[in-house]
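Residue-level structural notes
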Amino acid sequence: MEVQNLLIFCMELAGTIAFAASGAMVGIHCGMDIFGVCVLGVVTAVGGGMTRDIMIGNVPGALTEPVYVMAAVVTALLVFAILYYRKNALQGRFGLVYNGIMLVMDSVGLGIFTVMGVMTGINEGYMENTFLLTVLGTLTGVGGGLLRDMMAGQPPYIFVKHVYACASVVGAVSCVWIYRIFGQLPAMITASLLIIVIRFLAAHYRWNLPRIRMGNERSE
């Protein structure tokens, strides 16, 4: 059981670092100072989980276990420091590096936090409520990124990029059903990997949901 708890903690920490890095990258890309970069990193990392906890009537875990906030701050500072001394890293052809890092970090964070949201709902006694578990998982997965983009003043990533939120929904539903059949660890690992794979495939093959393009809108 201790091994299982350690694995869960490692997954949560990995998701925190991944989302904090993506938040810091967005802040740097938008020209924010070091404080703004840190705030955006923390909001991205813990915003979804805090919103989920408030929804189910709990004190946000990020406030009772500050290790995740600290990890997010350290990650954001490291990203800022690295790019501060390589000011041209996000210019020219290195813009592809930014897009690649964002894809990886967002996908890993999305996969891990979606399943953590589902597990939180199960632990709160909502095992039989598939709809609620799916909402909690998806909210945990996309909530931080949604807050990040709103604070950065750009279109929310979940509404415009490669079936982002849909991948979270699919992963959350899969996590619920796999949990009921095979247990916690298989559900968490399989659903996380499923979300990550869907995100990578969607980015590679440019899968998007249908939308109406206006005449003055540039195609991607």
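Read on for an overview of the structure. (Residues numbered from 1 in each chain as written. Predicted model: local features only at pLDDT ≥ 70, side-chain atom pairs only at ≥ 80, totals over all residues. Heavy atoms only, no water.)

For the rest of this paragraph, the subject is the overall build of the chain. Assigned secondary structure in the chain consists of nine helices and zero strands. Seen in sequence order, the chain has helices and strands lined up from the N terminus as α-α-α-α-α-α-α-α-α. Taken over the C-alpha trace, the chain has a radius of gyration of 17 Å; the compact-globule value for 220 residues is 17 Å, and the two agree within 12%. Along the first, second and third principal axes, the C-alpha atoms of the chain reach 50 × 40 × 30 Å. Residues counted as buried form 47% of the 220 residues belonging to the chain. Long-range pairs, those at least 24 residues apart, make up 76% of the contacts in the chain with a sequence separation of at least 6. Counting every atom, the chain has about 11,400 Å² of accessible surface; 69% of that belongs to carbon and sulfur. For the chain, the centre of its 12 positive side-chain charges and the centre of its 11 negative side-chain charges are spaced 16 Å apart. (Helix = DSSP H or I, 4+ residues; strand = E, 2+ residues; numbered from the N terminus. Rg over C-alpha atoms; globule rule 2.2 N^0.38 Å. Buried < 20%, exposed > 50% of the residue type's maximum accessible area, 1.4 Å probe, protein only. Contact = heavy atoms within 4.5 Å. Areas by Shrake-Rupley, 256 points an atom, 1.4 Å probe, with all protein chains shown as cover. Lys, Arg positive; Asp, Glu negative; His and termini not counted. Charge placed at Lys NZ, Arg CZ, Asp CG, Glu CD.)

Across its 22 residues, helix 9 (residues 184-205) extends 31 Å between first and last C-alpha, which sits within 8% of the 32 Å expected from 1.5 Å per residue. When we look at burial in helix 9, the residues that qualify are Gln184, Ala187, Met188, Ala191, Ser192, Ile195, Ile196, Ile198, Arg199 and Ala202. Here the buried residues of helix 9 occupy an arc of 155° about the axis, which is enough to place them on one side. Exposed residues on helix 9 whose side chains face more than 90 degrees from its buried face are His204 and Tyr205. (Expected span 1.5 Å × (residues − 1). Arc of directions from axis to C-beta.)

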